[in-house]
Amino acid sequence: DGGITQSPKYLFRKEGQNVTLSCEQNLNHDAMYWYRQDPGQGLRLIYYSQIVNDFQKGDIAEGYSVSREKKESFPLTVTSAQKNPTAFYLCASSPRSTSGGNEQFFGPGTRLTVL
Amino acid sequence: GEDVEQSLFLSVREGDSSVINCTYTDSSSTYLYWYKQEPGAGLQLLTYIFSNMDMKQDQRLTVLLNKKDKHLSLRIADTQTGDSAIYFCAESIDGTLTFGKGTMLLVSP
């Protein structure tokens, strides 16, 4: 089955610890994205990558880091510098487009709770 | 910067039509999208419209685009209880999507 997987679905960490969220896709998509979702806030873009070994900051990149060593994988690390890390994190991917479209397909999300 | 606005809540009865509205501010948007999110899940792409179109119909879904007013709407015909979810509109600019805050649709029997 083709798709985007995120693991784990629920994650608990103590304050001050770094934590890495996994995102894998087998859709052969070039671009991948990380969003954060808080109640009443919609989705906010953290980081995105349009090709391997390259990524750009989104609107709320502070306290987060990413890597894109393989086309299929785009892990997100939530560092201890992130002031309010408890949230629902969504990963997405999209194919290369020549027409200006940006049809993104989403994973099931990881709910991170920092205690 | 870009900003996408949606009303926060809509309640309808089963069998009625639902209309969810969205306004955006960036006239250079090429594509506009509608996504659905059920509780605790990721977003599911419902439909999209290219900016040079006025309307797109896909089974029970009709998208209307008024580019002059920067207004987008999603009409769901014969709304079912399974349509209860949060609906997001999004605009595509420079390789990224900007999302509205979502409209929660509640369908009562």
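Attention in this report is confined to the structure presented alongside it. All figures in this text were calculated on a predicted structure; none of them were measured in a lab.

**With respect to the side chain of serine 73 of chain B**
- Residue placement: serine 73 of chain B occurs in strand S8 (residues 71-76).
- Here serine 73 of chain B is in contact with Val19, Ile20, Asn21, Trp34, Thr62, Val63 and Leu64 of chain B, once residues within four sequence places are set aside.

**Observations regarding the interface of chain B and chain A**
- Tallying the contact residues gives 20 residues for chain B and 22 residues for chain A.
- Both faces considered, chain B and chain A share a buried interface measuring about 1,600 Å² in area, 54% of it formed by carbon and sulfur atoms.
- Among the residues chain B hides against chain A, the three largest losses belong to Leu43, Phe99 and Lys101 of chain B. Together they make up 25% of the total.
- There are zero salt bridges connecting chain B and chain A.
- For the side of chain B that touches chain A, the secondary structure elements donating two or more residues are strand S4 (31-37), strand S5 (43-50), strand S9 (85-93) and strand S10 (96-99) of chain B.

**A few points about the packing of aromatic side chains**
- Applying the stated rule across the entire model yields 15 aromatic pairs over all chains.
- Ring centres 5.5 Å apart and planes at 90° place the aromatic pair tyrosine 35 of chain A and phenylalanine 99 of chain B in the edge-to-face group. Here phenylalanine 99 of chain B lies in strand S10 and tyrosine 35 of chain A lies in strand S4 (residues 31-38), a pairing that spans two chains. The same class applies to tyrosine 35 of chain A as to phenylalanine 99 of chain B, namely buried.
- Geometrically, the ring pair formed by phenylalanine 88 of chain B and phenylalanine 99 of chain B is edge-to-face, given 6.5 Å between the ring centres and 85° between the ring planes. Of this pair, phenylalanine 88 of chain B sits in strand S9 while phenylalanine 99 of chain B sits in strand S10, placing them 11 residues apart in sequence.
- A relative accessible area of 8% places phenylalanine 99 of chain B in the buried class.
- An aromatic cluster is built from Tyr33, Tyr35, Tyr48 and Phe106 of chain A together with Tyr31, Tyr33, Tyr35, Tyr48, Phe50, Phe88 and Phe99 of chain B, whose rings are joined through pairwise contacts.
- Sitting over the face of the ring of tyrosine 48 of chain B, lysine 56 of chain B holds its NZ or CZ atom 3.9 Å from the ring centroid.

**A word on the sheet that holds strand S3 (residues 18-24) of chain B**
All names here are of chain B.
- If you trace the five strands from one edge of the open sheet to the other, you get S1-S3-S8-S7-S6, paired in antiparallel fashion. Each end of this open sheet is capped by a strand with a single partner; those strands are strand S1 (4-6) and strand S6 (55-58). Each neighbouring strand pair of the sheet contributes to a mean axis angle of 15°, computed without reference to strand direction.
- Across six bridges, S3 lies against S8 in antiparallel orientation. Counterpart to isoleucine 20 in the pairing with S8 is leucine 74.

**Quick notes on the nonpolar core**
- Among the nonpolar cores identified, the biggest contains 20 residues, and Trp34, Leu72, Leu74 and Tyr87 of chain B are the most heavily contacted of them.
- Secondary-structure elements contributing two or more residues to this core are S3, S4, S5, strand S7 (61-66), S8, S9 and strand S11 (103-108) of chain B.

**Here we look at the state of the cysteines**
- Taken as a whole, this structure holds two disulfides over all chains when the rule is applied.
- Covalently, cysteine 23 of chain A is tied to cysteine 91 of chain A through a disulfide, its sulfur atoms 1.9 Å apart. Its torsion about the S-S bond being -75°, the disulfide of cysteine 23 of chain A and cysteine 91 of chain A is classed as left-handed. Linking cysteine 23 of chain A in strand S3 (residues 19-25) with cysteine 91 of chain A in strand S9 (residues 87-94), this pair joins segments that are 68 residues apart in sequence. The exposure classification of cysteine 23 of chain A matches that of cysteine 91 of chain A, with both residues buried.
- A sulfur-sulfur distance of 1.9 Å marks the disulfide that ties cysteine 22 of chain B to cysteine 89 of chain B. Given an S-S torsion of about 70°, the disulfide between cysteine 22 of chain B and cysteine 89 of chain B has right-handed geometry. Here cysteine 89 of chain B lies in strand S9 and cysteine 22 of chain B lies in strand S3, a separation of 67 residues in the sequence.
- Given the relative accessible area of 0%, cysteine 89 of chain B is considered buried.

**Here's the deal with unusual backbone geometry**
- For the bond from serine 7 of chain A to proline 8 of chain A, the omega torsion is -10°, close enough to zero to count as cis.
- Along the chain, proline 8 of chain A falls in the loop between strand S1 (4-7) and strand S2 (10-13).
- Even without glycine at this site, asparagine 28 of chain A takes up a positive phi of about 60°.
- Among the secondary structure elements, asparagine 28 of chain A is positioned in the loop between S3 and S4.
- Look at asparagine 28 of chain A and you get exposed, because its relative accessible area is 57%.
- Its identity as a non-glycine residue notwithstanding, aspartate 78 of chain B has a phi of 50°, on the positive side.
- The topology assignment puts aspartate 78 of chain B in the loop between S8 and S9.

So, how was this worked out
- Sequence order as written defines residue numbering, which begins from 1 separately in each chain.
- Chain letters and ligand numbers both follow the written order, the letters beginning at A and the numbers at 1.
- Where totals are concerned, whole chains, interfaces and linings use all residues; where local detail is concerned, this predicted model gives features only for residues with pLDDT of at least 70, and gives and counts side-chain atom pairs only at 80 or more.
- Water and hydrogen atoms play no part in the side-chain values, which are based on all heavy atoms of the structure.
- By definition, any uninterrupted DSSP run of H or I lasting at least four residues is a helix, any uninterrupted run of E lasting at least two residues is a strand, and each is numbered from the N terminus.
- Working rule for contacts: check all heavy atoms of both residues, and any pair within 4.5 Å makes them a contact.
- Accessible area that two parts lose when put together, evaluated with a 1.4 Å probe and summed over both, is termed the buried area.
- The rule for a salt bridge is simple: a side-chain nitrogen of Lys or Arg has to be within 4 Å of a carboxyl oxygen of Asp or Glu.
- Stacked, tilted and edge-to-face pairs are distinguished by plane angle, under 30 degrees for stacked and over 60 for edge-to-face with tilted covering the rest, among Phe, Tyr and Trp rings (Trp via its six-membered ring) whose centres lie within 6.5 Å.
- Remark: exposure states derive from per-residue accessible area (1.4 Å probe, protein chains only) relative to the maximum for the residue type, with buried under 20%, exposed over 50%, and partly exposed in between.
- Note on geometry: a ring has a charge over it if NZ (lysine) or CZ (arginine) is within 6 Å of the ring centre and within 35 degrees of the ring normal.
- The pairing criterion is simple: DSSP has to find at least two bridges between the two strands.
- Note on definitions: angles span 0 to 180 degrees between N-to-C directions of axes, and those axes are lines fitted to C-alpha atoms, for helices only across the stretch in contact.
- The nonpolar core is taken to be a set of buried Ala, Val, Leu, Ile, Met, Phe, Trp, Tyr and Cys residues, with the residues joined through side-chain atoms within 4.5 Å.
- Cysteine sulfur pairs qualify as disulfides if the two atoms are within 2.5 Å.

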